[in-house]
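# Inside the fold
Below, each chain spelled out in residue letters.
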Amino acid sequence: MTEAAELTAVVFRLGGIRMAIDSTEIQGFSGDAGEKMIILKSEGDDLFLPVDEIEEISVIDSGSLRQLPQLLKTEPRGIFWAAVVRGGEIILMADASLAKTKLALQKDIKMEVAG
Amino acid sequence: MSEENARRRTLLDGATSAFKKEGIVDVEEDKVKLVIFTLSGDYYALYGNDVKEILQNISVFFVPGSPDYIDGIINLRGDIESVISISGFLGVKMSEKSSKSRIAVVEKNGIRSGIIMDSVVDVLDMPLSSIKPQLSSIEKAQKDLVSGEIVFDSKVVAVIDVGGIFARMKS
């Protein structure tokens, strides 16, 4: 019996949105001057990703990774490649290109349809 | 005998006339299920066959960088589904979410997504013949999004073609 593949991911919040990056893409962390940064591996200069908060380092079973819906597969192009549900909340799996992209994080961070 | 035939003919003609006058519905006629909903105060309809379920009280998670028509994603029993707003395509103002807001999970041509609705008004079976072709006056930009129209509650209601909406998004 083969074991399900696992990946270790760093879970963080950016613009209030819960995201995670595979730890193999991460070089380190920096917390200078109160800023929380994830340093991502890059062929050139280090890529710094300022985040709101680093929440946890989590082992994610590949079986729990969920494909993004079809209508989201082309946009945002390649930045988010899957999602995981933890405690009812969706965590977006991002890749290192997140640090290079200016995304609108400020509007409608989380919309709640009240009952 | 011919007198008898004439009498029968008169009776049948009378019945047919009464049938038409009273608007009696032919029970044998094919029916179609429609979900009537509101968007920005206007009534619209979705084919019941396209609607898998209607959700309320569910958190929608925003996905940065996604197109404007995508409100976000939802956790639907462990699966992730997109939630879209069709207001922009229909040329109506996007409404604030309220306690009456619902999400219809629709599926067509292998694509599945939630559609935000301001409220669900009714789910009903209507005779297929009551769906009329869309008016020629409908805006050209919306023609491929509407498959017909019905009269409901004295209002003309556009029947949304989910396939047309998805095709527009993909293009």
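Residues numbered from 1 in each chain as written. Chains lettered and ligands numbered in written order. Predicted model: local features only at pLDDT ≥ 70, side-chain atom pairs only at ≥ 80, totals over all residues. Heavy atoms only, no water.

### Thoughts on unusual backbone geometry
Residues and elements named next belong to chain B.
- In the Ramachandran plot, Arg77 falls in the positive-phi region, its phi being about 50° despite a non-glycine side chain.
- In this fold, Arg77 is placed in the loop between strand 5 (70-76) and strand 6 (79-84).
- Positive phi is not limited to glycine here, since Asn109 has a value of about 50°.
- Inspection of the secondary structure puts Asn109 in the loop between strand 7 (102-108) and strand 8 (111-117). (Helix = DSSP H or I, 4+ residues; strand = E, 2+ residues; numbered from the N terminus.)

### A few points about the sheet that holds strand 3 (residues 26-30) of chain A
All names here are of chain A.
- One open sheet holds the 3 strands; their spatial order is 3-4-5, and the pairing between them is antiparallel. Only two strands of the sheet have a single neighbouring strand rather than two, namely strand 3 and strand 5 (47-51). Looking at each pair of strands side by side, their axes are set apart by 25° on average, direction ignored.
- Direction of pairing for strand 4 (residues 36-40) relative to strand 5: antiparallel, over a ladder of 5 bridges. Of the residues in strand 5, the one forming a bridge with Lys36 is Val51. (Pairing = 2+ DSSP bridges. Axes fitted to C-alpha atoms, helices over the stretch in contact; angles between N-to-C directions.)

### Quick word on the packing of aromatic side chains
Residue and element names in this part refer to chain B.
- Under the criterion given, the structure shown has 3 aromatic pairs over all chains.
- Note on Phe37 and Tyr44: the rings are 6.0 Å apart at their centroids and 35° apart in plane angle, and the pair reads as tilted. Accessibility assignment for this pair places Phe37 and Tyr44 in one class, buried.
- Note on Tyr43 and Phe152: the rings are 6.0 Å apart at their centroids and 40° apart in plane angle, and the pair reads as tilted. (Phe/Tyr/Trp six-rings, centres within 6.5 Å; stacked < 30°, edge-to-face > 60°. Buried < 20%, exposed > 50% of the residue type's maximum accessible area, 1.4 Å probe, protein only.)

### Side note on empty space enclosed by the protein
All names here are of chain B.
- Within this structure, the stated rule accounts for 1 cavity of 30 Å³ or more.
- Size it by volume and the largest cavity reaches roughly 30 Å³.
- Taken together, Leu39, Asp71, Ser85, Ser87, Met94, Ser95, Lys97, Ile116 and Asp118 form the lining of the largest cavity.
- Across the lining of the largest cavity, the residue classes break down as 3 nonpolar, 3 polar and 3 charged. (1 Å grid on protein atoms, 1.4 Å probe; cavity = no way out; pocket = protein on both sides within 12 Å on 5 of 7 lines; lining within 4 Å. Points joined across faces, edges and corners; volume = space filled by probe spheres on them. Nonpolar A, V, L, I, M, F, W, Y, C, P; charged D, E, K, R; others polar.)

### Quick look at the environment of Ser30 of chain A
Residues and elements named next belong to chain A.
- Residue placement: Ser30 occurs in strand 3.
- Residues Ser30 and Gly44 lie 14 residues apart in sequence; the distance between their C-alpha atoms is 18 Å.
- Among residues more than four places away in sequence, those in contact with Ser30 are Glu35, Lys36, Met37 and Ile39. (Contact = heavy atoms within 4.5 Å.)

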